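Here is what each chain is made of, one letter per residue.
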Amino acid sequence: MKEPSKNFEPLLTKEAPPVVERMGLTWLVAAAITTALLWQIPAGDYILYPFTILATWFHEMGHGLMALLLGGQFQKLQIFSNGSGVATYGIRSSLGPIGPAIVAAAGPMGPPLAGAALILASRSFTAATLSLKILGSFLLFSALIWVRSSFGLAAIPLLGFIILGIALKAPRWAQGFVIQFLGVQACVSTYHQLDYLFSSSAGPLGLSDTAQMQRYLLLPYWFWGGLMAIASLVILVQSLRVAYRSE
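Quick caveat: nothing in here was measured; it's all calculated off a predicted structure. Residue indices begin from 1 for each chain and proceed along its sequence in written order. Local features in this predicted model are restricted to residues whose pLDDT is 70 or higher, and side-chain atom pairs enter the listing and the counts only when it is 80 or higher, whereas totals over whole chains, interfaces and linings include all residues. Side-chain metrics rest on all non-hydrogen atoms present in the structure, leaving aside hydrogens and water.

Draft legend 1. Seen up close, the packing of aromatic side chains. A pair of Phe, Tyr and Trp rings is counted when the ring centres sit within 6.5 Å of each other, with Trp represented by its six-membered ring. The angle between the planes then sorts it: under 30 degrees is stacked, over 60 is edge-to-face, the rest tilted. All told, the structure shown has ten aromatic pairs when counted by the stated rule. Ring plane angle 85° and centroid distance 5.8 Å describe the contact between F141 and W146, whose orientation is recorded as edge-to-face. For every residue, the accessible area obtained with a 1.4 Å probe (protein chains only) is divided by the maximum for its type, and the residue is called buried under 20%, exposed over 50%, and partly exposed between those limits. The exposure class assigned to W146 is buried, which follows from its relative accessible area of 9%. Residues F223 and W224 carry aromatic rings whose centres are separated by 5.0 Å and whose planes lie at 80° to one another, so their mutual orientation is edge-to-face. Taking relative accessible area as the criterion, W224 reaches 13% and is therefore assigned buried. One residue, R172, lies across the ring of F125, its end atom 4.3 Å from the ring centre. Each ring is checked for a lysine NZ or an arginine CZ that lies within 6 Å of its centre and within 35 degrees of its normal; such an atom marks a charge sitting over the ring.

What follows is the structure, encoded as structure tokens:
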């Protein structure tokens, strides 16, 4: 008796997306702790100078972009050689006092949120490369549209070209290293400005961001400073957990 023929269909295998070679989690955490400590000493500002400028850009862009999102204006961005910066914006919000408070908070929270996005993007090569291209391009775009200080017009495009060059020319392991390291540096940069978070004054500029939050939301500036410091740490830890979670 002839056995019925059996048709075997080839198994279709789904190719996994390429994964970026990333720094070991232990080394990444060590880099974060070292960075936070270095930023507490004068020499640390020189060692970490490029990351200080990038963190300032994230901070001031946070103010300006949030003002735009709430229907206001982002007029100009100034970044100076000492690592400080100023975003000039106008606010037109239907949220009452909550609107200005959100714009004030968007500055200190800009770096950790951007850093978390970079860390999460490191989970795949495609996302990492695309994120580096977007970051580099947006640095250049911001220099054309908003940056209005001589130092900023030199430093911001330079950072943009460097990051774009890494995205276009660097090997995968280098892109993985850079995107996670930039992400960690952005998150940890909150602790570079701890004195600012717990201060009511921004010097000649008037009220600090946390003091503006106190003005609109009543609770004291040190409460908002502590809340944002804790939130930055939580954002860093959770983004690393997701990025290193086993598939």
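Back to the write-up after that little detour.
Draft legend 2. Structural detail: the UniProt feature "transmembrane region" (unreviewed entry) in the chain. Residues given the UniProt feature "transmembrane region" (unreviewed entry) here are residues 24-41, 47-70, 125-145, 151-170 and 221-244. Only runs of H or I of at least four residues qualify as helices and only runs of E of at least two qualify as strands under DSSP, and these elements are numbered from the N terminus. With 95% helix and 0% strand, residues 151-170 has end C-alpha atoms that lie 27 Å from one another. For residues 221-244, the end-to-end C-alpha separation is 35 Å, with 100% helix and 0% strand making up the annotated structure. UniProt positions are given in the numbering used here, feature names are shortened, and annotations may be inferred rather than shown by experiment.

Draft legend 3. A look at the environment of I91. With respect to the secondary-structure elements, I91 resides in the loop between β2 (85-90) and α4 (98-121). Sequence separation of I91 and M66 is 25 residues, and the distance between their C-alpha atoms is 9.3 Å. Contact criterion: two residues are considered in contact whenever any of their non-hydrogen atoms come within 4.5 Å of each other. Residues contacting I91, with those up to four places away along its chain left out, are G72, P100 and V103.

Draft legend 4. Here's a closer look at the pairing of β2. Note that strand β1 (residues 73-79) and β2 share six bridges and pair antiparallel. By the bridge assignment, K76 is partnered in β2 with T88. Paired strands are those between which DSSP finds at least two bridges. Here β1 folds back onto β2 in antiparallel fashion, the turn holding five residues, of which G83 has a positive phi close to 95°.

Draft legend 5. Inspection of the packing of helix α1 (residues 25-38) against helix α10 (residues 221-244) at higher detail. It is at 12 Å that the axes of α1 and α10 come closest, and there the two elements cross at 165°. Taken together, the axes of α1 and α10 lie roughly antiparallel to each other. The two elements α1 and α10 meet at a crossing, and its hand is right-handed. Of the residues in α10, those touching α1 at L25, L28 and A32 are L236, L240 and Y244. Classification convention: Asp, Glu, Lys, Arg as charged; Ala, Val, Leu, Ile, Met, Phe, Trp, Tyr, Cys, Pro as nonpolar; all other residues, Gly among them, as polar. Looking at side-chain class alone, the contact of α1 with α10 contains six nonpolar, no polar and no charged residues. Think of each axis as a best-fit line through the C-alpha atoms, taken over the contacting stretch in the case of a helix, with angles from 0 to 180 degrees between the N-to-C directions. To sort the angles, those under 35 degrees are grouped as roughly parallel, those over 145 as roughly antiparallel, those from 65 to 115 as roughly perpendicular, and the leftovers as oblique. Whether a crossing is left-handed or right-handed is set by the direction in which the near helix is turned from the far one by less than a right angle, anticlockwise for left-handed and clockwise for right-handed.

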